[in-house]
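Chain by chain, the residues:
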Amino acid sequence: MDIISDPDDMQGRARQWRSHGLKVVLVPTMGFFHPGHRSLMEYGRTIGERLVVSLFVNPAQFGPQEDLERYPRDLDRDVRLARDAGVDCLYTLGAGAMYPPGYQTYVEVESLSQGLCGASRPGHFKGVATVVLKLLNQVSPHVAVFGEKDYQQLMVIRRMAADLDLDTEIVGRPIVREPDGLAMSSRNTYLSPEERAAALCLYRALLAARELVASGARSRENILAAVGQIINAAPGTRIDYVALVDPTTLQEVEAIRGEARLLLAVWLNQTRLIDNTLLSESLLCCV
Ligand code: PAF
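Residues numbered from 1 in each chain as written. Predicted model: local features only at pLDDT ≥ 70, side-chain atom pairs only at ≥ 80, totals over all residues. Heavy atoms only, no water.

A. Just the overall build of the protein chain, in detail. Tallying secondary structure elements over the protein chain gives 10 helices and 9 strands in all. A globule of 287 residues ought to have a C-alpha radius of gyration of about 19 Å, and the protein chain, at 19 Å, matches this closely. Based on the C-alpha atoms only, the size of the protein chain along its principal axes is roughly 55 × 40 × 35 Å. For the protein chain, the proportion of its 287 residues judged to be buried stands at 53%. Contacts in the protein chain between residues far apart in sequence, at least 24 positions, make up 73% of those at least 6 positions apart. If you sum the accessible surface of the protein chain, you get close to 13300 Å²; carbon and sulfur atoms cover 48% of it. Put simply, the protein chain has 30 plus and 35 minus side-chain charges, and the middle of one group is 2 Å from the middle of the other. (Helix = DSSP H or I, 4+ residues; strand = E, 2+ residues; numbered from the N terminus. Rg over C-alpha atoms; globule rule 2.2 N^0.38 Å. Buried < 20%, exposed > 50% of the residue type's maximum accessible area, 1.4 Å probe, protein only. Contact = heavy atoms within 4.5 Å. Areas by Shrake-Rupley, 256 points an atom, 1.4 Å probe, with all protein chains shown as cover. Lys, Arg positive; Asp, Glu negative; His and termini not counted. Charge placed at Lys NZ, Arg CZ, Asp CG, Glu CD.)

Given below as structure tokens:
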């Protein structure tokens, strides 16, 4: 596995691959790999001939009071895990290489970035869209693969790719969960044992919503009431948002007609976790 840390070197390598007709797949990450990342890498491996994993903790997507400094990092371990997963190139660079002195260009996906996580993390999606566009320009992948846990992020990136006529297919992959149902996240490492136990309320709330819908419930009011009750009953939780939205526009819906996405963001004391699930009128089973 090659390790590349310079945007020009990355572009050069990508150009070579493309000139040989190789299909290039990018999995963008902020590192501290867990089985969720591993599943994106494994998927990437199956659809392409060159697999690049980018590892960049992007300062532009963290607010001033957020966890940029304490975001978990372990490059040696990530190198081992990427090698084990059959990655061809780990592209990891520092903030100075991504945003050299004088840097001043940002991308904004307007309406999709505003509500939900965008409301509690102002500027977050501007940082995400900017770095993802830069990574796509540096790696020139045919396909870029993202996890569905960050569902709003996936929609923002899809919109950006469509609006800016990008020549990369954006693929979303299912959430990977711990055996007890907690969605995999690098931020789970922040949780104390008590918070870790309480964090299961997100998954339980999603399951309850799916069961409600499977038994015929359709209205936003009923579904959100049940979800809110489960989350509020868990110790140390504070709901940031619970929303039932159209899966593409992310606009709130009053009732499930066809498909809707249930999105959650919940504080466990100082740690904010997100999760989501698809709710569909044809739903018969669990998450
Ligand atoms: O989902 C992430 O890990 C990050 O937001 C991403 C897409 C790598 C951009 O920094």
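What follows continues from the structure just given.
B. Spatial organisation of the site of the ligand. Taken together, Pro28, Thr29, Met30, Asn58, Gln61, Val131, Phe146 and Gln153 form the complete shell of residues around the ligand. One nitrogen or oxygen atom from the side chain of Gln61 is found 2.6 Å from an oxygen atom belonging to the ligand. A distance of 2.7 Å separates an oxygen atom of the ligand from a polar atom in the side chain of Gln153. Taken by itself the ligand offers 290 Å² of open surface, and the protein chains cover 89% of this. Looking at the shell around the ligand residue by residue, the classes come out as 4 nonpolar, 4 polar and no charged. (Near = heavy atom within 4 Å. Polar contact = N/O pair within 3.5 Å; in protein donor to acceptor, adjacent residues only side chain to side chain. Nonpolar A, V, L, I, M, F, W, Y, C, P; charged D, E, K, R; others polar.)

C. Just the packing of aromatic side chains, in detail. Tallying each qualifying case throughout the model produces 4 aromatic pairs. Centre to centre, the rings of Phe62 and Tyr71 are 5.8 Å apart; their planes meet at 75°, and the pair counts as edge-to-face. Given the relative accessible area of 9%, Phe62 is considered buried. When the ring of Tyr99 is compared with that of Tyr103, the centres are 5.0 Å apart and the planes differ by 75°; the resulting orientation is edge-to-face. Judged by its relative accessible area of 15%, Tyr99 falls in the buried class. These aromatic residues form a ring-pair network of at least three members: Phe56, Tyr99, Tyr103 and Tyr106. Arg77 extends its terminal NZ or CZ atom over the ring of Phe32, reaching a point 5.1 Å from the ring centre. Here Lys126 stacks its cationic end above the ring of Tyr106, 5.2 Å away from the centre of that ring. (Phe/Tyr/Trp six-rings, centres within 6.5 Å; stacked < 30°, edge-to-face > 60°. Lys NZ or Arg CZ within 6 Å of the ring centre and 35° of its normal.)

D. Up close: the sheet that holds strand 5 (residues 143-147). Taken together, the 6 strands give an open sheet; going across it, the order is 1-4-3-2-5-6, and neighbouring strands pair in parallel fashion. Either end of the sheet is taken by a strand with one partner, and the two such strands are strand 1 (2-4) and strand 6 (169-173). Each strand of the sheet is rotated relative to its neighbour by a mean of 25°, with strand direction disregarded. Direction of pairing for strand 2 (residues 24-29) relative to strand 3 (residues 50-55): parallel, over a ladder of 6 bridges. (Pairing = 2+ DSSP bridges. Axes fitted to C-alpha atoms, helices over the stretch in contact; angles between N-to-C directions.)

E. Just the sheet that holds strand 7 (residues 237-245), in detail. Reading across the sheet, the 3 strands line up as 7-8-9 and stay open at both edges, with antiparallel pairing between neighbours. Whereas interior strands pair on both sides, the edge strands pair on one side only; in this sheet they are strand 7 and strand 9 (271-280). The mean inter-strand angle of the sheet, taken between neighbouring strand axes irrespective of direction, is 15°. Relative to strand 8 (residues 259-268), strand 7 runs antiparallel, the two being bridged by 8 bridges. Counted as the bridge partner of Val245 is Arg261 from strand 8. Against the sheet, helix 10 (residues 220-233) engages strand 7, strand 8 and strand 9, with an angle of about 160° to strand 7.

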